[in-house]
Amino acid sequence: MTLSRILYVEDDPDIRTICVMVLESLHGFALEVCCSGEEAIAKAEAFAPQLVLLDVMMPGMDGPETLAALRRLPGLEKTPVIFMTAKVQAQEVEAYLRLGALGVIAKPFDPMSLSDQLRQLWNKSQEPN
Amino acid sequence: MRAALPANESQRLRYLHRLGLLDTPSESDFDDVTLVAARACGVPMAAITLIDEDRQWLKSCVGMERGETSRELAFCAHTILDPQSLTLVEDARLDQRFSDNPQVTGAPGLRFYAGAPLTTEEGFALGALCLVDTQPRQLSLEQQDILRALARQVMQQIRLRETLTDLERTRDKLHLLADSVPVLIGQLDAEGRYVFCNRKYRDWWGLDPQWLLGKTSAEVLPGALVRGLAPYLARALKGEEVEFELEDADGRVIAAHYLPHRQNEQLAGIFVLASDISQRKQMELLKNAFVSSVSHELRTPLTSISGALGLLLHGQTGSLDEPQKKLLDIAHKNSQRLMYLINDLLDMEKLLAGKMRFELQPADVTSLLEKALYENTTYASSYQVRFALITPRHPLFICVDEQRFLQAMANLLSNAVKYSPADSLVRVECQQLGAARLRVSVIDRGPGVPEDFRSNLFQKFSQADNPAARRKGGTGLGLAITRELVEKMGGQVGFSAPQEGGSCFYLEFPLVENVAHETREKRE
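Per chain, residues are indexed from 1 in the order of the written sequence. Chain A is the first chain written and ligand 1 is the first ligand written, with later ones labelled in order. Given that the model is predicted, a residue must reach a pLDDT of at least 70 before its local features are reported, and side-chain atom pairs must reach 80 or more before they are shown or counted; all residues, however, enter totals for whole chains, interfaces and linings. Excluded from the side-chain calculations are hydrogens and water; all other atoms, namely the structure's heavy atoms, are used.

1. Describing the overall build of chain A
Item 1. Going along the chain from the N terminus, every DSSP run of H or I of four or more residues is numbered as a helix, and every run of E of two or more is numbered as a strand. Counting secondary structure elements, chain A contains five helices and five strands.
Item 2. Scanning chain A from its N terminus toward the C terminus, one meets helices and strands in the order β-α-β-α-β-α-β-α-β-α.
Item 3. Only protein chains enter the calculation, and the probe is 1.4 Å; a residue is then buried if its accessible area is under 20% of its type maximum, exposed if over 50%, and partly exposed in between. Residue burial in chain A is summarised as follows: out of 129 residues, 47% are buried.
Item 4. Contacts in chain A between residues far apart in sequence, at least 24 positions, make up 62% of those at least 6 positions apart.
Item 5. Looking at chain A as shown, the accessible area adds up to about 5,900 Å², and 53% of this sits on carbon and sulfur atoms. For this analysis, residues touch if any pair of their heavy atoms sits within 4.5 Å. Method for areas: the Shrake-Rupley scheme with a 1.4 Å probe, in which residue coverage is limited to the protein chains shown.

So this is what it looks like as structure tokens:
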């Protein structure tokens, strides 16, 4: 199975535009784009993503709160979640991983290697333990 | 007859008042002298008198009422006119100075008077030790000697008192000073018992000065605090100077300093100095929150800028002509430069705040350097510069945090590359210094560092004043961060100017034995 369906949550419209351009237009992923954690919770179950790409600092529900709420939705209990954030000090990254994130992509990210990074992390999560 | 005034009257009076002896209660030290004087000379009345502007005041007396008489009537007012001699009046009725004195013509009918002046070293006669009788009498030479000797004893008492008063004044001044400074000052003896605490110290811990002295901190401070202080106090009581910071249950923070002091090579006690740094700590927390928030706020727009520029540059939105590509390249490089600056600022902040964690482990320096070169090869290629690595023949181990070591090396390597002419070589040499140290040198063939600038090389933002360096890009923090990183891992940084030109930046670390490595080899 290959990675194709990504739930993407980001409150900054400019970063959203770039990510959508990279992931949807250039690499052909099927994206469900959400502007907030609340919107993501509302759309996640119906979209049934293979991966969630989640901003951390958002007004309303932040990334960790959104992650916790997603885990309570049917079918999303184990869906891999990757945080994309500018807050990447060592102790912050450790905290994200402890929350159950698959990985962390630091902002600013390299648009040319973003899809490879996502695929690598996702493939790793699909390997049998 | 009224006595004349002594020639030094005004200084004499000033001295007398400064003594603070006038109008004080009776004291046995003085009373004993008057008693001995009266008994030894067989006279019913004796007194120690002090003469001020208008009265004779009795500090001590035997056989008469303690109190004062007017200076006009005082026999002693005549005695102080000759500070070095006894005044002897065998029968006052026959002495013209006293024959009309109401104390002679009326009650109590004084006849005999002998007064030894109480004279200071400066020659001020303050009053007299005097013997009085209502009968005329004579004083033998021996009794005169006794009277003089006892007057000297009175002066000795007065001098002791004077010294004590001076000491008390000095002590009060010191206490006033200690109570006025915004610093906690304390003094403990060699067993850790309080000898002194200033007001700030007592107020800070809420201590009662009455029962504080002679107690140990364990007896007067809250238990949690005592446990916090114990290890530092133990070290100080062994004679070690100790500095530490301590937060109490209310979140107040002090920076404290234990200063042992010695007498004859023995520990005599400890001075405790501490200042309130709660506000500074709060400011630091605010600053950290600010730096973290600002870095996030700066990175978010940078994400859009560098992301958009990256996509354009890689032709994802159609091909670009050369001028367009060149301009976008400038914008992209500078957005990355801004990113490096933010990262460097964050690193510097973490290093200075002591918040950067180091996981030190023994590592083979050759494999570390190979990694460092590999990670920077792409960057070197973009400047058409190559690396050459010269490593020792046998494995050498240093104890470092691999990521931080690579970060330090990346700073040195990128500097060397930036300043190297195209098609040149950057040499990375590793050599052992003596038995216990190792040096890693990064040598380039660039323009070198001007001599007057070398002392600033490892300072923060050192290239700010160096326009030539600014043109090369970089944040001016790289070498300062390198130094901090290396020093935190127990190493040193340095610079030397190779004879053939260019620059040589080096790192030095102590060599360590690699326990894991050796064990593995033995098993093999």
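Next comes the rest of the description.
2. What to know about the pairing of strand β1 (residues 5-9) of chain A
Residues and elements named next belong to chain A.
Item 1. The buried fraction of β1 amounts to four of the five residues, a majority that puts the element mostly inside the structure.
Item 2. The pairing of β1 with strand β2 (residues 30-34) spans five bridges and is parallel. Residue pairing across strands places tyrosine 8 opposite valine 33, the latter belonging to β2.
Item 3. One crossover worth recording links β1 to the parallel β2 by way of helix α1 (residues 13-26), and it is right-handed.
Item 4. By the convention used here, strands pair only if DSSP detects at least 2 bridges between them. Sheet topology places β1 next to strand β3 (residues 51-55); four bridges connect them, and they run parallel. Counted as the bridge partner of isoleucine 6 is leucine 51 from β3. By definition, the crossover connecting two strands over a helix is right-handed if that path, from the first strand to the second, turns clockwise as seen with the strands pointing away from the viewer.

3. Structural notes on the environment of aspartate 344 of chain B
Item 1. Among the secondary structure elements, aspartate 344 of chain B is positioned in helix α11 (residues 322-352).
Item 2. The sequence separation of aspartate 344 of chain B and leucine 477 of chain B amounts to 133 residues, and the corresponding C-alpha distance is 6.5 Å.

4. Quick notes on the confidence of the model for chain B
Any residue range with low pLDDT should be treated as having predicted coordinates unsuitable for detailed reading.
Residues and elements named next belong to chain B.
Item 1. pLDDT is defined as a per-residue confidence score from the predictor, taking values between 0 and 100. Model confidence for chain B is summarised by a mean pLDDT of 88, while 95% of its residues fall at 70 or above.
Item 2. Note that pLDDT drops below 50 for residues 517-524; the model gives that stretch two contacts with residues more than four away or on any other chain.
Item 3. For this predicted complex, the interface score ipTM comes out at 0.79, while the overall pTM is 0.51.

5. Quick notes on the packing of aromatic side chains
Residue and element names in this part refer to chain B.
Item 1. What counts as a ring pair is set by centres within 6.5 Å for rings of Phe, Tyr and Trp (its six-membered ring), and what kind of pair is set by the plane angle: stacked under 30 degrees, edge-to-face over 60, tilted for all other angles. Under the counting rule described, the total for this entry stands at twelve aromatic pairs over all chains.
Item 2. Aromatic side chains phenylalanine 75 and phenylalanine 98 sit 4.1 Å apart centroid to centroid with 5° between the ring planes, which places their arrangement in the stacked category. Separated by 23 residues along the polypeptide, phenylalanine 75 in the loop between β3 (68-70) and α3 (76-79) and phenylalanine 98 in the loop between β4 (87-89) and α4 (102-105) bring together distant segments of the chain. Of the two residues examined, phenylalanine 75 and phenylalanine 98, each falls in the buried class.
Item 3. Aromatic pair phenylalanine 75 and tyrosine 113: ring centres 5.2 Å apart, planes at 50°, arrangement tilted. Remark: tyrosine 113 occurs in strand β5 (residues 112-119) and phenylalanine 75 occurs in the loop between β3 and α3; sequence separation between them is 38 residues. In terms of burial, phenylalanine 75 and tyrosine 113 fall into one category: buried.
Item 4. Connected via pairs of aromatic rings, a cluster forms that spans Phe75, Phe98 and Tyr113.
Item 5. The residue whose ring lies beneath arginine 439 is tyrosine 506, and the NZ or CZ to ring-centre distance is 3.6 Å. A positively charged side chain is recorded as over a ring if its NZ (Lys) or CZ (Arg) lies within 6 Å of the ring centre. The angle to the ring normal must also be within 35 degrees.

6. Description of the sheet that holds strand β6 (residues 125-133) of chain B
Residues and elements named next belong to chain B.
Item 1. If you walk across this open sheet you meet the six strands as β3-β2-β1-β6-β5-β4, and the pairing is antiparallel. Looking at strand neighbours, the two that pair on one side only are β3 and β4, the edges of this open sheet. On average, each strand axis in the sheet is tilted by 25° relative to the strand beside it, whichever way the strands run.
Item 2. Pairing of strand β1 (residues 45-51) with β6 involves six bridges; the strand directions are antiparallel. Bridge pairing in β6 links isoleucine 48 to leucine 129.
Item 3. Orientation is described by lines fitted to C-alpha atoms, with helices fitted over the stretch in contact, and by angles between N-to-C directions that extend from 0 to 180 degrees. On top of the sheet, helix α1 (residues 9-19) reaches β1 and β6; it is set at about 80° to β6, its chief contact.
Item 4. Where helix α2 (residues 28-41) meets the sheet, its contacts fall on β1, β2 (55-62) and β6, and the angle it forms with β2 comes to roughly 75°.

7. Topic: the sheet that holds β3 of chain A
Hydrogen bonds between backbone atoms are what pair the strands of a sheet, whose relative direction is either parallel or antiparallel.
Residues and elements named next belong to chain A.
Item 1. Sheet architecture is open: five strands sit in the order β2-β1-β3-β4-β5, paired in parallel fashion. Looking at the sheet topology across the chains shown, the edges are occupied by β2 and β5 (103-106). Sheet twist, expressed as the average angle between the axes of neighbouring strands with direction ignored, equals 20°.
Item 2. Packing of helix α2 (residues 37-47) onto the sheet brings it into contact with β1 and β2, and relative to β2 it is tilted by some 150°.

8. Some words on the pairing of strand β16 (residues 437-444) of chain B
Residues and elements named next belong to chain B.
Item 1. Buried residues dominate β16, accounting for six of its eight residues.
Item 2. For strand β15 (residues 425-433) and β16, the ladder comprises seven bridges, and the chain directions are antiparallel. Across the sheet, residue glutamine 431 finds its bridge partner in β16, namely arginine 439.
Item 3. Turn length for the β15-β16 hairpin, with the two strands adjacent in sequence and antiparallel, is three residues, and the turn residue glycine 434 shows positive phi of about 65°.

9. A look at the interface of chain A and chain B
Item 1. Opposite the 21 residues of chain A that make contact, chain B presents 19 residues.
Item 2. Summed over both sides, the interface of chain A with chain B buries roughly 1,700 Å², with 67% coming from carbon and sulfur.
Item 3. Throughout, the accessible surface (probe 1.4 Å) given up by two parts as they are put together, summed over both, is called the buried area. Interface area lost by chain A to chain B is led by Gln89, Pro108 and Met112 of chain A, which between them contribute 30%.
Item 4. A carboxyl oxygen of Asp or Glu within 4 Å of a side-chain nitrogen of Lys or Arg is what we treat as a salt bridge. The interface formed by chain A and chain B includes one salt bridge.
Item 5. The closest approach of N and O atoms between arginine 357 of chain B and glutamate 94 of chain A, which form a salt bridge, is 3.6 Å.
Item 6. Whenever two N or O atoms come within 3.5 Å, that pair is a polar contact, provided that in protein one can donate a hydrogen and the other can accept it, and provided that, for residues adjacent in sequence, both atoms are side-chain atoms. Counting across the chain A and chain B interface gives zero residue pairs in polar contact (both at pLDDT 80 or more).
Item 7. Contributing elements (two or more residues each) for the side of chain A that touches chain B: α1 and α4 (90-98) of chain A.
Item 8. When residues of the side of chain A that touches chain B are assigned to their parent elements, the largest contribution, six residues, is made by α1 of chain A.
Item 9. Considering only residue class, the side of chain A that touches chain B consists of 13 nonpolar, two polar and six charged. Ten residue types, Ala, Val, Leu, Ile, Met, Phe, Trp, Tyr, Cys and Pro, are classed as nonpolar, four, Asp, Glu, Lys and Arg, as charged, and the remainder, Gly among them, as polar.

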